[in-house]
Amino acid sequence: TVNTYNLLANSSFPNGNPPIYKTNNSPLVTVVKLDDGYALRVQVTAARGGVYFTKTDMVKPYKSGDSYSVSFKVKGAGSWHTVAMEYATTDRNVLPIIDAEKWQTVFVRGVSTADIGAFIIYLMEGADIYIKDFMFTKGKMFVDYLPAPDDLDNSPGGTNILTNTN
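Residues numbered from 1 in each chain as written. Predicted model: local features only at pLDDT ≥ 70, side-chain atom pairs only at ≥ 80, totals over all residues. Heavy atoms only, no water.

Caption draft 1: Representation of unusual backbone geometry. A positive phi angle, near 55°, is found at Ser26, a position not held by glycine. The class for Ser26 is exposed, based on a relative accessible area of 61%. Residues other than glycine seldom take positive phi values, yet Asp133 does so here, at roughly 55°. Looking at the element boundaries, Asp133 is found in strand 10 (residues 128-138). (Buried < 20%, exposed > 50% of the residue type's maximum accessible area, 1.4 Å probe, protein only. Helix = DSSP H or I, 4+ residues; strand = E, 2+ residues; numbered from the N terminus.)

Laid out in C-alpha cells, this is it:
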C-alpha cells in the first residue's frame, strides 16, 4: 500500500510559519511568496548551516523501525553538506546539483532507528536556496507533493481528501 499522507504539517509554509524544529550555525531562514505559493529560503553565511524538521512533532510521529520517504523541490545556488534523517539508516539519497533557474527534486529514503531525531538539511557556506513542496511519508515509495490533511482541514475552504486518517 502506498502511503500518501504528508506527515509534515505546514509543509507549504502558509502564513510564514515553517515547521522548523531548530537551525544550526545560524542560517537565515525566511518564507517567501512565489507565483505558485510559498517557499522556504535558506541562506548560509557560516562554514555550513542546517535546518531541522523534527519527526516527533509530525502529524503522525515516526517510530523506530518505520520506513520513511522524503522529497522536496529546490533551486538557488550552493552546495549540499548533508540531507538525512537523524537516528536512521539511509538506503537512497538523490541530491541534484542545485540550479539557479530550474526546480530540482531531492529524494531521501530509509528506516528510522529511534523515536527521536529530525530530518536535516545542511548546506555549505554561501548557499542561498529555495525549498518547496516538502513531502514526508511513511513507507519507501516517493509520491508527488500533497499538503498534510490537517492543513487542508484548517485552511479556509479546505477539504480533507482522505476518508480514513488513522
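Caption draft 2: Fine view of the sheet that holds strand 8 (residues 104-112). Taken in spatial order, the six strands make up an open sheet running 2-3-10-5-8-7, and their pairing is antiparallel. Sheet topology places strand 2 (28-34) and strand 7 (88-94) at the edges, where each strand pairs with a single neighbour. Across the sheet, the axes of successive neighbouring strands diverge by a mean angle of 30°, strand direction being ignored. For strand 2 and strand 3 (residues 37-43), the ladder comprises seven bridges, and the chain directions are antiparallel. When the sheet's bridge partners are listed, Val32 is paired in strand 3 with Ala39. (Pairing = 2+ DSSP bridges. Axes fitted to C-alpha atoms, helices over the stretch in contact; angles between N-to-C directions.)

Caption draft 3: Up close: the environment of Leu28. With respect to the element layout, Leu28 can be found in strand 2. Here Leu28 falls in the partly exposed class, since its relative accessible area comes to 48%. The spacing of Leu28 and Val51 is 23 residues in sequence and 9.8 Å in space, taken between C-alpha atoms. Residues within four places of Leu28 in sequence aside, it is in contact with Arg41, Val42 and Gln43. (Contact = heavy atoms within 4.5 Å.)

Caption draft 4: Broad picture of the environment of Leu7. One can find Leu7 in the segment before strand 1 (22-24). Judged by relative accessible area, Leu7 falls into the buried class, the value being 1%. On a C-alpha basis, the gap between Leu7 and Met135 in space is 7.6 Å, while along the polypeptide they are 128 residues apart.

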